[in-house]
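A closer look at the structure
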Amino acid sequence: MISKCLFPVAGYGTRFLPATKSMPKEMLPIVNKPLVQYGVEEALEAGLFDVGFVTGRGKRAIADHFDVNYELEKEIEGSSKEQYLNSIRDVMERGKFSFTRQTEMRGLGDAILNGWRLMGDEPFGVVLSDDLCLTGNEEGVLAQMVRLFNQFRCSIVAIQEVPDDQVSKFGVIAGEKMKEGLYQVSDMVEKPSLEEAPSNLAIIGRYILTPDIFNVLENTPPGKNGELQLTDALLTQAKNGCVMAYQFKGKRFDCGSVEGFVKATNHVYNNVYLK
Ligand code: UTP
């Protein structure tokens, strides 16, 4: 059984400065709910109730969000405003939350490595909460991936087809097609140029990782931009065993960019909030 999920939330969020100067980018709201709460709700829906965060300096608001705000809650108790707390109260009731810190921003791979103590030697999900994945009434993306994990028992990355001018922003895979939407990974390149890119299948911010990833990460040298790249460690896993890539069903918004954030806001306002 897989029951844990890791949220690396230590990044600086420079693309949202000055908004993110003293506020975590993961706390930016899509309409009335912070990005990170969407991600946690997706994890809970997938049955991943043990939620770990890798935070950093200036990220305390995330821990506060998943805790009681006694004064505020007492103040609005019994009033019509109390209903606005329903979704976060539900999340707090269902999830268990733990936190650790990444002291230097050495990349996503390093953030994951910092989560080792929280995840232990069990398979776990990973959510990059600036990738907002919405599936309407369908099963969430992580739940789709947990189902696949139970079948294949190996690391799984979520992928999406992207246009040529976007490939250099992602990790990109090559692989053998097992069936519609499912590939066994044979190669992976982090942020390739169009010429280097082995395909248009880009890795997005949802993963299921087997715990041997921690030993692999420990032995992986810094890669692109001098950062410890999760993609490099996943390629080692793929070469030693198996990594699957799953073209998920649903919409993804890159809320780490201003354009994606605005698109997500419009989508959620029209299709979720007003409904
Ligand atoms: P990004 O590449 O989006 O970086 O990280 P960022 O710092 O958050 O944002 P920009 O590019 O400066 O605007 C992808 C994910 O990995 C986490 C981030 O928090 C984000 O969820 N991350 C990245 C870490 O936790 N630690 C790192 O050292 C790097």
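That block above? That's the structure.
This is a predicted model, so every value here is computed, not measured.

**Concerning the overall build of the protein chain**
Within the protein chain, the regular secondary structure consists of 10 helices and 13 strands. Taking 19 Å as the expected radius of gyration for a compact globule of 275 residues, we find that the protein chain reaches 18 Å, a close match to that expectation. Each principal axis of the C-alpha distribution contributes one length, and for the protein chain these read about 60 × 40 × 40 Å. Within the protein chain, the proportion of its 275 residues that are buried is 52%. Carbon and sulfur atoms form 48% of the exposed surface of the protein chain, whose accessible area is close to 13700 Å². With 30 positive and 37 negative side-chain charges, the protein chain shows a separation of 2 Å between the mean positions of the two kinds.

**A look at the pattern of salt bridges**
The tally for this structure, following the rule as stated, stands at 16 salt bridges. Asp-50 is the partner of Lys-96 in a salt bridge, and the nearest nitrogen-oxygen pair spans 4.0 Å. One end of the pair, Lys-96, is in strand S5 (residues 96–101); the other, Asp-50, is in strand S4 (residues 50–55), and 46 residues separate them in sequence. The structure contains a network of salt bridges with shared partners spanning Glu-73, Glu-82 and Arg-89.

**A closer look at the environment of Leu-235**
Its place among the elements puts Leu-235 in helix H9 (residues 230–240). On the basis of relative accessible area, Leu-235 is assigned to the buried category, the value being 15%. Measuring from C-alpha to C-alpha, the distance between Leu-235 and Ile-173 comes to 9.3 Å, with 62 residues separating the pair along the chain.

**Quick look at the nonpolar core**
Judged by nonpolar contacts, the single largest core of 43 residues is most densely connected at Phe-7, Val-40 and Phe-53. Mapped onto this core, the elements with two or more residues apiece are strand S1 (4–8), helix H1 (35–45), S4, helix H4 (86–94), helix H7 (141–152), strand S8 (155–161), strand S11 (201–209) and strand S12 (243–247). Considering each element in turn, this core owes the most residues, seven residues, to H7. Residues within four places of Phe-7 in sequence aside, it is in contact with Val-36, Gly-39, Val-40, Ala-43, Val-51, Gly-52, Phe-53, Val-54, Val-127 and Ser-129.

**Examining the site of the ligand**
Around the ligand, 17 residues are found, and the nearest of them are Gly-11, Thr-14, Lys-25, Gln-102 and Gly-107. Within the backbone of Tyr-12, one N or O atom sits 2.9 Å away from an oxygen atom of the ligand. Between the ligand and Lys-25, the relevant distance is 2.6 Å, taken from an oxygen atom to a side-chain nitrogen or oxygen of the residue. Relative to its free-state accessible area of 580 Å², the ligand is covered by the protein chains to the extent of 81%.

**Comments concerning the side chain of Gln-160**
Position of Gln-160 among the secondary structure elements: in strand S8. In this structure the side chain of Gln-160 is engaged in a polar contact, spanning 3.4 Å, whose partner is the side chain of Arg-252.

**Section: the pairing of strand S7 (residues 131–134)**
Residues Asp-131 and Cys-133 line one face of S7 and the alternating positions Leu-132 and Leu-134 line the opposite face, and both faces are buried. For S7 and strand S13 (residues 251–254), the ladder comprises four bridges, and the chain directions are antiparallel. Paired with Cys-133 across the strands is Arg-252, a residue of S13.

**Here we look at the packing of H1 against H4**
Here H1 crosses H4 at 45°, and the two axes come no closer than 11 Å. It follows that H1 is oblique to H4 by the angle criterion. For the element pair H1 and H4, the recorded crossing hand is left-handed. Contacts between H1 and H4 involve Gln-37, Val-40, Glu-41, Leu-44 and Glu-45 on the former and, on the latter, Ser-87, Ile-88, Val-91 and Arg-94.

**Side note on the side chain of Glu-190**
Note that Glu-190 resides in strand S10 (residues 182–190). A distance of 3.0 Å separates a polar atom in the side chain of Glu-190 from a polar atom in the side chain of Lys-191. Polar contacts involving the side chain of Glu-190 include one to the side chain of Thr-231, which spans 2.4 Å. Sequence-distant contacts of Glu-190, defined by excluding residues within four places in its chain, comprise Phe-170, Gly-171, Lys-224, Gln-229 and Thr-231.

The rules behind the values
Residues numbered from 1 in each chain as written. Predicted model: local features only at pLDDT ≥ 70, side-chain atom pairs only at ≥ 80, totals over all residues. Heavy atoms only, no water. Helix = DSSP H or I, 4+ residues; strand = E, 2+ residues; numbered from the N terminus. Rg over C-alpha atoms; globule rule 2.2 N^0.38 Å. Buried < 20%, exposed > 50% of the residue type's maximum accessible area, 1.4 Å probe, protein only. Areas by Shrake-Rupley, 256 points an atom, 1.4 Å probe, with all protein chains shown as cover. Lys, Arg positive; Asp, Glu negative; His and termini not counted. Charge placed at Lys NZ, Arg CZ, Asp CG, Glu CD. Salt bridge = Lys/Arg side-chain N within 4 Å of Asp/Glu carboxyl O. Core = buried A, V, L, I, M, F, W, Y, C linked by side-chain atoms within 4.5 Å. Contact = heavy atoms within 4.5 Å. Near = heavy atom within 4 Å. Polar contact = N/O pair within 3.5 Å; in protein donor to acceptor, adjacent residues only side chain to side chain. Pairing = 2+ DSSP bridges. Axes fitted to C-alpha atoms, helices over the stretch in contact; angles between N-to-C directions. Parallel < 35°, antiparallel > 145°, perpendicular 65-115°, else oblique. Left-handed = near helix turned anticlockwise from the far one by under 90°.

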